[in-house]
Amino acid sequence: AQSVAQPEDQVNVAEGNPLTVKCTYSVSGNPYLFWYVQYPNRGLQFLLKYITGDNLVKGSYGFEAEFNKSQTSFHLKKPSALVSDSALYFCAVTEGSGGGADGLTFGKGTHLIIQP
Amino acid sequence: SAVISQKPSRDICQRGTSLTIQCQVDSQVTMMFWYRQQPGQSLTLIATANQGSEATYESGFVIDKFPISRPNLTFSTLTVSNMSPEDSSIYLCSVEGQQLYGYTFGSGTRLTVV
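Just so you know, these numbers come straight off a predicted model, no measurement behind them. For every chain, the first residue of the written sequence is number 1, and numbering continues from 1 onward in sequence order. For naming, the first written chain is A and the first written ligand is 1, with later ones following in the order written. Selection of residues for local features in this predicted model requires a pLDDT of at least 70, selection of side-chain atom pairs for listing and counting requires 80 or more, and totals for whole chains, interfaces and linings are taken over all residues. Here the side-chain values reflect all heavy atoms present in the structure, with hydrogen atoms and water set aside.

A. Structural view of the environment of Phe63(A). Residues and elements named next belong to chain A. Here Phe 63 shows up in the loop between strand 7 (56–58) and strand 8 (64–68). In sequence terms Phe 63 and His 75 are 12 residues apart; their C-alpha atoms lie 11 Å from each other. Other than its neighbours up to four places away in sequence, Phe 63 contacts Leu 19, Leu 47, Leu 48, Val 57, Lys 58, Leu 76, Lys 77, Lys 78, Asp 85 and Tyr 89. Helix numbering and strand numbering both begin at the N terminus, where a helix is a DSSP run of H or I of at least 4 residues and a strand a DSSP run of E of at least 2. Residue contacts follow a heavy-atom distance rule, with two residues in contact if any of their heavy atoms lie within 4.5 Å.

Rendered as structure tokens:
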């Protein structure tokens, strides 16, 4: 069975500082990894994904994530946080079987709060 | 990426009744997925709907409670049957995106059972 752990319920960062939201995963095969953001009363927005290739993935709104196979991690990062980045962030995984698409397994989510 | 129209956006229902949620995609997709997000919780996959076959349900979810239809490659419905207050959640449909995109999600249906 696959699983995702987001160890922090909440991350507080001052505006302009770098931010990191942690994610570790467990999957039996090759992982396909995703980050999504959810703003209050709005749907899920896709930020970025890792399928294969370069371990550093760049996504929307200046976010990036680094895939680390040995540590089974996929931490989300941004060099300079904005107040508008404050939201709920979800890490998700599915097993890349090469066949039909599978659904995602989500972490519990991390509230990111950027303080002015 | 695909655009998903999901409705209703919210509803308040009496316990013991059923609600059908519709999900329309602007392009043909093989798989459609239904998720539940309970208040303050993460998303949990309910089932995967493949056109032309019965949906595949995840552990803890059964067809009698959450029947799914998938009549064609652009449409699916999820019914929440015999509702109780514990069914109060946001229900979301999703499809797999194209190569450069992740899975796309509908805006969700916020269900309150009273």
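B. Molecular detail of the pairing of strand 1 (residues 4–7) of chain B. All names here are of chain B. For the exposure calls, accessible area comes from a 1.4 Å probe over protein chains only, and a residue counts as buried if that area is under 20% of its type's maximum, exposed if over 50%, partly exposed in between. Here strand 1 shows one buried face, formed by Ile 4 and Gln 6, and one open face, formed by Ser 5 and Lys 7. Of the strand pairs in this sheet, strand 1 and strand 3 (residues 19–25) are connected by 4 bridges, and their pairing is antiparallel. When the sheet's bridge partners are listed, Lys 7 is paired in strand 3 with Gln 22. Two strands are said to pair when DSSP picks up at least two bridges between them.

C. Just the side chain of Ser94(B), in detail. All names here are of chain B. Residue placement: Ser 94 occurs in strand 9 (residues 89–95). We define a polar contact as two N or O atoms separated by no more than 3.5 Å, with the added condition that, inside protein, one atom must be a possible hydrogen donor and the other a possible acceptor, whereas residues neighbouring each other in sequence contribute only through side-chain atom pairs. Separated by 3.0 Å, the side chain of Ser 94 and the backbone oxygen of Thr 104 make a polar contact. Those residues within four positions of Ser 94 in sequence are excluded, and the remaining contacts are Ile 4, Met 31, Met 32, Phe 33, Tyr 35, Tyr 103, Thr 104 and Phe 105.

D. The arrangement of the state of the cysteines in detail. All names here are of chain B. Cysteine sulfur atoms are paired as a disulfide whenever they come within 2.5 Å of each other. Evaluation of the coordinates by the stated rule reveals 2 disulfides over all chains. What pairs with Cys 23 in a disulfide is Cys 93, and their sulfur atoms sit 2.0 Å apart. Residues Cys 23 and Cys 93 are joined through a disulfide that is right-handed, its torsion about the S-S bond being 75°. One end of the pair, Cys 23, is in strand 3; the other, Cys 93, is in strand 9, with 70 residues separating them in the sequence. Look at Cys 23 and you get buried, because its relative accessible area is 0%. Residue Cys 13 stays outside any disulfide, its sulfur separated by 17 Å from that of Cys 93, the closest cysteine. On the basis of relative accessible area, Cys 13 is assigned to the buried category, the value being 8%.

E. Quick look at the interface of chain B and chain A. Taken residue by residue, the interface counts 18 residues in chain B and 17 residues in chain A. We define buried area as the total accessible area lost by two parts upon association, computed with a 1.4 Å probe and summed across both. Carbon and sulfur atoms supply 58% of the area buried between chain B and chain A, which totals about 1400 Å² over both sides. Taken together, the links from chain B to chain A amount to 5 residue pairs in polar contact (both at pLDDT 80 or more). Every element with two or more residues in the side of chain B that touches chain A is listed here: strand 4 (31–37) and strand 5 (43–50) of chain B. Here the element with the most residues in the side of chain B that touches chain A is strand 4 of chain B; it accounts for 4 residues.

F. Quick look at the layout of surface pockets. Reported here for the largest pocket is a volume of approximately 600 Å³. Put plainly, a pocket is an open set of points on a 1 Å grid over the protein atoms alone with protein on both sides within 12 Å along at least five of seven lines, a cavity is a set where a 1.4 Å probe fits but cannot get out, and a lining residue has an atom within 4 Å of a point. Every residue lining the largest pocket is counted, 28 residues in all, and those nearest its centre are Gln38(A), Asn41(A), Gln37(B), Ile90(B) and Arg110(B). Taken together, the residues of the lining of the largest pocket sort by class into 8 nonpolar, 15 polar and 5 charged. Grid points are joined across faces, edges and corners, and a volume is the space filled by probe spheres set on the points. Any residue outside Ala, Val, Leu, Ile, Met, Phe, Trp, Tyr, Cys, Pro, Asp, Glu, Lys and Arg is labelled polar, Gly included; the first ten of those are nonpolar and the last four are charged.

G. Local environment of the pattern of salt bridges. Residue and element names in this part refer to chain A. In the sections that follow, a salt bridge refers to a side-chain nitrogen of Lys or Arg positioned within 4 Å of a carboxyl oxygen of Asp or Glu. One pass over the structure, following the stated rule, counts 5 salt bridges over all chains. In this structure, Lys 108 engages Asp 9 in a salt bridge whose closest nitrogen and oxygen atoms are separated by 2.7 Å. You can see Lys 108 sitting in the loop between strand 11 (105–106) and strand 12 (110–115) and its partner Asp 9 sitting in the loop between strand 1 (3–5) and strand 2 (10–14), a full 99 residues away along the chain. Among the residues examined, Lys 108 registers a relative accessible area of 44% and is labelled partly exposed. Judged by relative accessible area, which is 49%, Asp 9 ranks as partly exposed.

H. Geometry of the pairing of strand 10 (residues 87–95) of chain A. All names here are of chain A. The element strand 10 is extensively covered by neighbouring structure, given that 8 of its 9 residues are classed as buried. Examined bridge by bridge, strand 10 and strand 12 share 3 bridges and lie antiparallel to one another. Following the sheet pairing, Leu 88 is matched in strand 12 by His 111.

I. How the structure looks around the sheet that holds strand 7 (residues 68–72) of chain B. All names here are of chain B. What the 4 strands build is an open sheet, ordered 1-3-8-7; its pairing is antiparallel. Because the sheet does not close on itself, it has two edges, and the strands there are strand 1 and strand 7. Sheet twist, expressed as the average angle between the axes of neighbouring strands with direction ignored, equals 15°. Lines fitted to C-alpha atoms define the axes here, with helix axes fitted over just the stretch in contact, and angles between the N-to-C directions of these axes take values from 0 to 180 degrees.

Shape is all these values report; function is a separate question.
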